Amino acid sequence: MTLLAIYRHPATPAAEPQPVLRSHDGPTIGAELGRRGIRFERWPARASLPAAADQARILAAYAPEVAQVQAGGSYPTVDAIRLTPDHPERQALRQKFLAEHTHSEDEVRFFVEGCGLFCLHLGQEVLQVVCEAGDWIAVPAGTPHWFDMGPEPRFCALRFFDNPDGWVATFTGDAIAAQYPLLDALLPTPT
Ligand SMILES: CSCCC(=O)/C(O)=C/O
Ligand SMILES: [Fe+2]
Ligand code: NI
């Protein structure tokens, strides 16, 4: 279930982040993100993707949604990132995305399978958003953020870019991610 957790970010790394809000309610999540300039929508993750589906097949399955995002000429480059717990590069990819970074373009993602944790550093606030299949999010260019896929990643997301090279990041060098919960800590405990 999609989760939004908002914290007041402490002035010093030794102090604890102060929880401000925690919600699973779609309209509340949309409103809290929206007032901070982050677009959030729920779209049906309507395709059942075979385990062996390659990038072209995933993008073809979601061709109408891709066309909708690209209507008007925005985000002409799109890819699909799909990770499973046996992905040989999962640890390196996890560490790369866990380092706080920015992009010179909006970060537009549509989760079509599984889940992942976006963490957005907005001045004195940090927002953690556990995105799940059906979540569509657009984070403005230049927003410092990090992403956790967990030690056993299981997600597929469509990524939309203005940059023909696709994913390009500038790392901030801030170790902020270490102060905040990781994905596994925010997921419900299996019963
Ligand atoms: C959920 S898409 C994979 C992560 C990514 O592209 C990114 O930029 C994380 O910040
Ligand atoms: Fe990013
Ligand atoms: Ni900070």
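Residues numbered from 1 in each chain as written. Chains lettered and ligands numbered in written order. Predicted model: local features only at pLDDT ≥ 70, side-chain atom pairs only at ≥ 80, totals over all residues.

J.: So what exactly am I meant to see when it comes to the overall build of the protein chain here?
T.: The number of helices and strands found in the protein chain is five helices and eleven strands. Here the protein chain has a C-alpha radius of gyration of 16 Å; the compact-globule value for 191 residues is 16 Å, and the two agree. C-alpha atoms of the protein chain, sized along the principal axes, occupy 45 × 40 × 35 Å. Within the span of the protein chain, comprising 191 residues, buried residues form 30% of the whole. Residue pairs in contact within the protein chain that sit at least 24 positions apart in sequence constitute 73% of those at least 6 positions apart. (Helix = DSSP H or I, 4+ residues; strand = E, 2+ residues; numbered from the N terminus. Rg over C-alpha atoms; globule rule 2.2 N^0.38 Å. Buried ≥ 20, exposed ≤ 12 C-beta atoms within 10 Å, placed from the backbone. Contact = placed C-beta atoms within 7 Å.)

J.: Hey, could you run me through the confidence of the model for the protein chain in this one?
T.: On average, residues of the protein chain carry a pLDDT of 97, and 100% of them reach 70 or more. Scored by ipTM, the complex comes to 0.92, with pTM at 0.96. (pLDDT = per-residue confidence, 0-100.)

J.: Looking at this model, I keep getting lost on the site of ligand 1. Mind explaining?
T.: In the neighbourhood of ligand 1, the contacting residues comprise Ile81, Phe97, Glu107, Arg109, Gly116, His145, Phe147, Ala157, Arg159 and Trp167. Going through the elements one at a time, strand E6 (107-122), strand E9 (145-148) and strand E10 (155-161) are the ones with two or more residues in the shell around ligand 1. Among the elements that make up the shell around ligand 1, the one with the highest residue count is E6 (three residues). The class makeup of the residues in the shell around ligand 1 is five nonpolar, two polar and three charged. (Near = placed C-beta within 6 Å. Nonpolar A, V, L, I, M, F, W, Y, C, P; charged D, E, K, R; others polar.)

J.: Mind showing me how you'd approach the pairing of strand E7 (residues 125-132) here?
T.: It is a general feature of regular strands that their side chains alternate between the two faces of the sheet. Burial analysis of E7 places six of its eight residues in the buried class, the great majority of the element. Relative to E7, strand E1 (residues 3-8) is paired through six bridges, and the arrangement is antiparallel. Its bridge partner being in E7, leucine 3 is matched across the sheet by valine 130. One ladder, built from eight bridges, connects E6 with E7; its direction is antiparallel. The partner of leucine 122 across the bridge, within E7, is glutamate 125. Two successive antiparallel strands, E6 and E7, enclose a turn made up of two residues, where glycine 123 displays a positive phi of approximately 65°. (Pairing = 2+ DSSP bridges.)

J.: When you look at the pairing of E9 in this model, what are you seeing that I'm missing?
T.: Neither face of E9 is open: one carries His145 and Phe147, the other Trp146 and Asp148, and all of them are buried. The sheet contact formed by E6 and E9 spans four bridges and is antiparallel. What sits directly across from leucine 117, in E9, is aspartate 148.

J.: Looking at this structure, I do not really get the environment of valine 20. What am I missing?
T.: With respect to the secondary-structure elements, valine 20 resides in strand E2 (residues 18-23). Along the sequence, valine 20 and glutamate 125 sit 105 residues apart, while their C-alpha atoms lie 9.2 Å from each other. Apart from residues no more than four positions distant in its own chain, valine 20 is found in contact with Ile6, Tyr7 and Arg8.

J.: Looking at this structure, how should I read the nonpolar core?
T.: Soluble globular proteins tend to bury their nonpolar side chains together. With 41 residues, the main nonpolar core has Val112, Phe118 and Ile137 as its most contacted residues. Those elements that place two or more of their residues in this core are E1, helix H1 (26-34), strand E4 (77-83), E6, E7, strand E8 (135-139), E9 and E10. Among the elements that line this core, the one with the most residues is E6, at nine residues. Once residues lying within four places of it in the same chain are set aside, the contact partners of isoleucine 137 are Ile38, Arg39, Phe40, Arg109, Phe118, Val129 and Cys131. (Core = buried A, V, L, I, M, F, W, Y, C linked by C-beta atoms within 7 Å.)

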